[in-house]
Amino acid sequence: MADIIVMLENAMDEYLNLVKANKEDLEVVVYPSPRVLFGTYCSVNKGKVIAAPFSLGNITIASLCEDDESFIIYNGHKMHFDASDLNGRKEEIFSIHGLLRGILAKLYIDKDITLPKFNIYVRKADGLVDDLLAYMLVDTLNRLFLKNNLKEDELLSIVNYACSHYAYVGCDDYLLNVIHSKSLVLLDYNLERKDSLCPISDNLERFDTYMININHHYLDSKLEPHQKMLEVAKAYGKNNLRELNYTDFVNAPTFLKLDSRLILNAQHYYDEQRSIEDILKELAKNNVSPFLSSLRHSAMTSFSYLNVIHPDTYVLQTLNNLNSFENAGAALIGDEQNGYIILMALKEKDKEVVDYVNYYLANNHLELVINNTGIIEVMNPTKKDDRKDVKVEEIKPIEEEKTVEKKAKAKKEKGYFKEYA
């Protein structure tokens, strides 16, 4: 908590030095980072993953503009932002600008809301432009301007729209649901989102856990392992691999007709699911060794079965080095834009591991501690209802006779905004 307080004080100072604002009129919020620990490439096929919300000091600060210029300050970089322009821009894909513009466009489409000019500050420890960043932006604006009236499903719908239409970074609304979990969880993509979280009674205190940021051009998602797994399922007449029993997978005549690369992609899925079952059983017995061995195996199959790691790169070398330590395990989670390495090492037996991380990965690692507080609204504007300079129309429900797509098309034809190919 002391570290967060220092981060907040520094963030407030930085914000007030960069933009004009009254301290009492700021919206300040701290967010956990929901991250997968185990089960990479299992979501699309309705699999299970182990995940948790982690305390990484993600901070947003927002306020009304006191002049005509709007700014985004992202991890110390101050950038102009034209909040009145809702047109998508090709140069903004994979950027915070694209996410924010998509959020404002969706608010206008669904709610007929045009927000007044504002400045927004974001400190995000992992530096990733992703669906979590989009969630932080829309939730902060909801608290600042909309009296926190947007429901969770509406927030996630806005995030999904911004990520898929304006920034193309992908949205995992199941994983975003972990923000509110406050514990290690089993996340089951085969269930309804509201029922998908199952708490795990282990807080990882026996481990030093790290998220290691990596240079993403050493990873390759063009191979589309998700889609290859779905292709295997459809060859068996199933919608996804969750519906296909492993015994049927290997014993049916269809198996012999499959390309070997497809078989290996599917095998990775089944290996991950079996490992999760082993991890949960052994954690219940206070045995943590399957966690480490499963991480090592996952790293191996990400490289050899999925081929998402380019050979002869530092990513592969780092994984191999970390997995050479007896009391540690490391695996790759994700790919391309949002890939990272999860490292877990047993405390009191991991001095060599910690020394390696601190020396060779000094600027590229974040220590992970489970967040048990959830989202914290540190400071918010007082007397929001009395502010005369804010003119926000009352939130209106989406008209039942019109879908979002029809309404978006109608407003596009009127020239209010446009999407890009």
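Residues numbered from 1 in each chain as written. Predicted model: local features only at pLDDT ≥ 70, side-chain atom pairs only at ≥ 80, totals over all residues. Heavy atoms only, no water.

### What to know about the overall build of the protein chain
Piece 1. Assigned secondary structure in the protein chain consists of 13 helices and 12 strands.
Piece 2. Burial status across the protein chain gives 53% buried among its 421 residues.
Piece 3. Taking contacts inside the protein chain between residues at least 6 apart in sequence as the whole, the part at least 24 apart equals 73%.
Piece 4. For the protein chain, the computed accessible surface area is about 19800 Å², with 47% contributed by carbon and sulfur atoms. (Helix = DSSP H or I, 4+ residues; strand = E, 2+ residues; numbered from the N terminus. Buried < 20%, exposed > 50% of the residue type's maximum accessible area, 1.4 Å probe, protein only. Contact = heavy atoms within 4.5 Å. Areas by Shrake-Rupley, 256 points an atom, 1.4 Å probe, with all protein chains shown as cover.)

### Re helix α4 (residues 152-167)
Piece 1. Helix length check: α4 (16 residues) gives 21 Å between terminal C-alpha atoms against 22 Å at 1.5 Å per residue, within 8%.
Piece 2. Within the span of α4, buried status applies to Leu155, Leu156, Ile158, Val159, Tyr161, Ala162, Cys163, Tyr166 and Ala167.
Piece 3. The inward-facing, buried residues of α4 abut α2 (96-111), α3 (131-145) and α5 (173-176).
Piece 4. At the exit of α4 stands tyrosine 168, carrying a positive phi of roughly 55°. (Expected span 1.5 Å × (residues − 1).)

### Details of the pattern of salt bridges
Pairing of side chains with opposite charge becomes possible as their charged atoms draw close.
Piece 1. Within the structure shown, the criterion is met by 19 salt bridges.
Piece 2. Salt-bridge contacts for arginine 89 lead to aspartate 85; the nearest nitrogen and oxygen are separated by 2.5 Å.
Piece 3. On the accessibility criterion, aspartate 85 (17% relative accessible area) is buried.
Piece 4. The closest approach of N and O atoms between arginine 193 and aspartate 173, which form a salt bridge, is 4.0 Å. With arginine 193 in the loop between β6 (185-188) and β7 (197-199) and aspartate 173 in helix α5, this pair connects stretches of sequence that are 20 residues apart.
Piece 5. With relative accessibility at 17%, the residue arginine 193 sits in the buried group.
Piece 6. Residues participating in the shared-partner salt-bridge network are Arg35, Lys124, Asp126 and Asp130. (Salt bridge = Lys/Arg side-chain N within 4 Å of Asp/Glu carboxyl O.)

### Here's the deal with the packing of helix α9 (residues 260-284) against helix α10 (residues 289-304)
Piece 1. The geometry of α9 relative to α10 is characterised by a closest axis approach of 10 Å and an angle of 170° between their N-to-C directions. With respect to each other, α9 and α10 are oriented roughly antiparallel. For the pair α9 and α10, contact is made by Arg261, Leu264, His268, Asp271, Glu272, Ser275, Asp278, Ile279, Glu282 and Leu283 and by Pro290, Phe291, Ser294, His297, Ser298, Thr301, Ser302 and Ser304, respectively. (Axes fitted to C-alpha atoms, helices over the stretch in contact; angles between N-to-C directions. Parallel < 35°, antiparallel > 145°, perpendicular 65-115°, else oblique.)

### Side note on the packing of aromatic side chains
Piece 1. Per the stated rule, a full pass over the model turns up 14 aromatic pairs.
Piece 2. On the basis of an interplanar angle of 70° and a centroid distance of 5.9 Å, the ring pair of phenylalanine 207 and phenylalanine 291 is categorised as edge-to-face. Of this pair, phenylalanine 207 sits in strand β8 (residues 207-213) while phenylalanine 291 is found in helix α10, placing the two residues 84 residues apart along the sequence.
Piece 3. Between the aromatic rings of tyrosine 269 and tyrosine 270, the centroid separation amounts to 5.4 Å while the plane-to-plane angle is 80°, which identifies the pairing as edge-to-face. Summarising the burial analysis for this pair, tyrosine 269 and tyrosine 270 share the class buried.
Piece 4. Pairwise contacts between aromatic rings join Tyr236, Tyr246, Phe249, Phe255, Tyr269 and Tyr270 into one cluster.
Piece 5. Positioned over the ring face of tyrosine 246 is arginine 274, at 4.7 Å from the centre of the ring. (Phe/Tyr/Trp six-rings, centres within 6.5 Å; stacked < 30°, edge-to-face > 60°. Lys NZ or Arg CZ within 6 Å of the ring centre and 35° of its normal.)

### Focus: unusual backbone geometry
Piece 1. Positive phi, normally seen in glycine, also occurs at asparagine 75, with a value near 50°.
Piece 2. Secondary-structure assignment places asparagine 75 in the loop between β3 (71-74) and β4 (77-80).
Piece 3. The phi torsion at asparagine 148 lies on the positive side, around 60°, for a residue other than glycine.
Piece 4. With respect to the helices and strands, the residue asparagine 148 is situated in the loop between α3 and α4.
Piece 5. By relative accessible area, which is 43% here, asparagine 148 ends up partly exposed.

### Considerations on the layout of surface pockets
Piece 1. Quantified by volume, the second largest pocket comes out at close to 640 Å³.
Piece 2. Forming the boundary of the second largest pocket are 30 residues, of which Ser55, Leu368, Val369, Ile370 and Asn371 lie nearest the centre.
Piece 3. For the lining of the second largest pocket, the secondary structure elements donating two or more residues are α1 (2-18), β1 (27-38), β2 (48-64), β8 and β11 (365-367).
Piece 4. Of all the elements, α1 adds the most residues to the lining of the second largest pocket, at 4 residues.
Piece 5. Classifying every residue of the lining of the second largest pocket by side-chain character gives 16 nonpolar, 7 polar and 7 charged. (1 Å grid on protein atoms, 1.4 Å probe; cavity = no way out; pocket = protein on both sides within 12 Å on 5 of 7 lines; lining within 4 Å. Points joined across faces, edges and corners; volume = space filled by probe spheres on them. Nonpolar A, V, L, I, M, F, W, Y, C, P; charged D, E, K, R; others polar.)

### Observations concerning helix α11 (residues 314-322)
Piece 1. For α11, every residue scored as buried is listed here: Val315, Leu316, Thr318, Leu319 and Leu322. Take α11 and look down its axis: the buried residues cluster within an arc of 160°, on one side only.
Piece 2. Buried residues along α11 sit against β8, α10, β9 (328-333), β10 (340-346) and α12 (351-360). (Arc of directions from axis to C-beta.)

### Comments concerning the confidence of the model for the protein chain
Piece 1. Summing up the model confidence of the protein chain, the mean pLDDT is 86 and the portion of residues at 70 or higher is 86%.
Piece 2. Element-level pLDDT for the protein chain is lowest in helix α13 (residues 404-413), with a mean of 55, against a maximum mean of 97 in β6. (pLDDT = per-residue confidence, 0-100.)

### Quick notes on the side chain of aspartate 202
Piece 1. Residue position: aspartate 202 is located in the loop between β7 and β8.
Piece 2. For aspartate 202, a relative accessible area of 11% puts it in the buried group.
Piece 3. Apart from the residues lying within four places of it in its own chain, the contact partners of aspartate 202 are Leu184, Leu283 and Ile370.

### Comments concerning the sheet that holds β11
Piece 1. The 4 strands are arranged β9-β10-β8-β11 in an open sheet whose pairing can be described as antiparallel. In this open sheet, the two strands that pair with only one neighbour each are β9 and β11. Averaged over all adjacent pairs, the angle separating strand axes in this sheet is 20°, with direction ignored.
Piece 2. Both β8 and β11 contribute to a ladder of 3 bridges, which runs antiparallel. What sits directly across from tyrosine 210, in β11, is glutamate 367. (Pairing = 2+ DSSP bridges.)

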